[in-house]
Amino acid sequence: MSTVYRGSKLKVLSLNSNPELAEEIATQIGVDLSKSSVRTFSDGEIQINIEESVRGCDVFVVQSTSYPINQNIMELLIMLDALKRASVNTINVIIPYYGYARQDRKARAREPITAKLIADLIQKAGASRVITLDLHAPQTQGFFNIPVDQLVGIPILSKHFIGKNLQDIVVVSPDHGSVTRARQLADQLKAPIAIVDKRGPRESHAGEMNIVGDIENKTAIIIDDIIDTATRITSATNALIEQGAKEVYACSTHPVLSGQAIEKIEQSPLIELVVTNSIALPPEKQLDKITQLTIAPLIADAIIRVYEQRSVSVLFD
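Predicted model, so just to flag it, every value in this text is computed and none were measured. For every chain, the first residue of the written sequence is number 1, and numbering continues from 1 onward in sequence order. Local features are withheld for residues below a pLDDT of 70 in this predicted model, meaning they are given only at 70 or higher, and side-chain atom pairs are given and counted only at 80 or more; totals for whole chains, interfaces and linings count all residues. Hydrogens and water are ignored here; the side-chain numbers use all heavy atoms of the structure.

At a minimum axis distance of 9 Å, the contact between helix α4 (residues 154-164) and helix α5 (residues 179-189) shows a crossing angle of 45°. As summarised for this structure, α4 and α5 are arranged oblique, according to the angle between their axes. Considering how the two elements wind past one another, α4 and α5 form a crossing that is right-handed. Where α4 abuts α5, its residues Ile154, Ser158, Phe161 and Ile162 lie against Arg181, Gln184, Leu185, Gln188 and Leu189. Comment: axis = line fitted to C-alpha atoms, over the contacting stretch for helices; angle = value between 0 and 180 degrees taken between N-to-C directions. Runs of E in the DSSP output that reach at least two residues are strands. Runs of H or I that reach at least four are helices, and both are numbered from the N terminus. What sets the label is the angle itself: under 35 degrees gives roughly parallel, over 145 gives roughly antiparallel, 65 to 115 gives roughly perpendicular, and the rest give oblique. The sense of a crossing depends on the near helix, which, turned anticlockwise from the far helix by less than a right angle, makes the crossing left-handed and, turned clockwise, makes it right-handed. Whether two residues are in contact is decided by their heavy atoms, any of which lying within 4.5 Å being enough.

If you want it as structure tokens, here you go:
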């Protein structure tokens, strides 16, 4: 752990969504987490206190807007307002998982674009910059009128699989929308890709599933950005096994894992699900099948580069 930044104007603050990740990031940088407290009154109102001086500092607030999503968003907005009123120099928001990111367009008439609304709220509350990881739709960066640095998780995921020395790999996209992501992982692993061509409702086991590509007797690695209900991952796993794959792994940046996701993963023929700690997993979601990799060094590197006004673009590769 470096001590270069101890006593500097670089401050790291944590809210309640992922304090373990925030602590790990601060340790990587070589600073202590700045002291703050979050209280929730009996009627649900949130009160935040920053318990040390941050005047003139460059502050980095760590908060994934994951479940309970609306509580976490309100905590973040209230913290930003508190920092703005405390005369900080810059307010940099670290959002490893950006909630509401899937509501990024009007799919039907009279629908909101909630991802844009959240961006507006974060800016209005006082954010100077956003650092995030694998946005569901990269164009969400355009919803902000402040700098947005989108880090990528594929190098972290690929390094894990390279270390396993798997043979005859094929990287599988669970639908046509994830092909670019699958190709990026395939490039890292020097492997071909295949695509699950599903006919029927997206988040349902119902419907015909055809595999485009050669998977016969191969080790398949499915990749997605978000695993929510786990329906797509597990149904794709079953289809791959039925159509000739030797074994199936899966990986994803953001383990939302809502509803019956844990039960589906546990009962599936998946060998391993590899995710990052962009979202904290409670004990009941920590299966033997699930491997969680840390993004703390990546985010710590981004924070240092922003603080020192150096290029962050090298981290996007």
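Moving on, we come to helix α2 (residues 69-85). If you check α2, its first and last C-alpha atoms are 25 Å apart, about what 17 residues at 1.5 Å a residue would give, namely 24 Å. The elements touched by buried residues of α2 are β1 (10-14), β2 (36-40), β3 (46-50), β4 (58-62), β5 (90-95) and α3 (114-125). Immediately beyond the C-terminal end of α2, within one or two residues, lies Ser87, with a positive phi of roughly 65°. One less than the number of residues in a helix, times 1.5 Å, gives the span that helix is expected to have.

Moving on, we get to the side chain of Asn277. Relative to the helices and strands, Asn277 resides in the loop between β13 (272-276) and β14 (290-293). Residues in contact with Asn277, not counting those within four places in the same chain, are Asn18, Leu21, Glu24, Gln292, Leu293, Thr294 and Ile295.

A separate point is the sheet that holds strand β11 (residues 219-227). Strands pair in a sheet through their backbones, by hydrogen bonds, and they do so in one of two ways: parallel or antiparallel. One open sheet holds the seven strands; their spatial order is β10-β9-β8-β11-β12-β13-β14, and the pairing between them is mixed. This sheet does not close on itself; its edge strands, each paired only once, are β10 (208-212) and β14. Averaged over neighbouring strand pairs, the angle between their axes works out to 25° when direction is ignored. The pairing of strand β12 (residues 247-255) with β13 spans three bridges and is parallel. By the bridge assignment for β13, Ala250 is matched with Leu273. Running at roughly 150° to β12, α4 makes contact with β11, β12, β13 and β14 of the sheet. For two strands to be treated as a pair, DSSP must find at least two bridges joining them.

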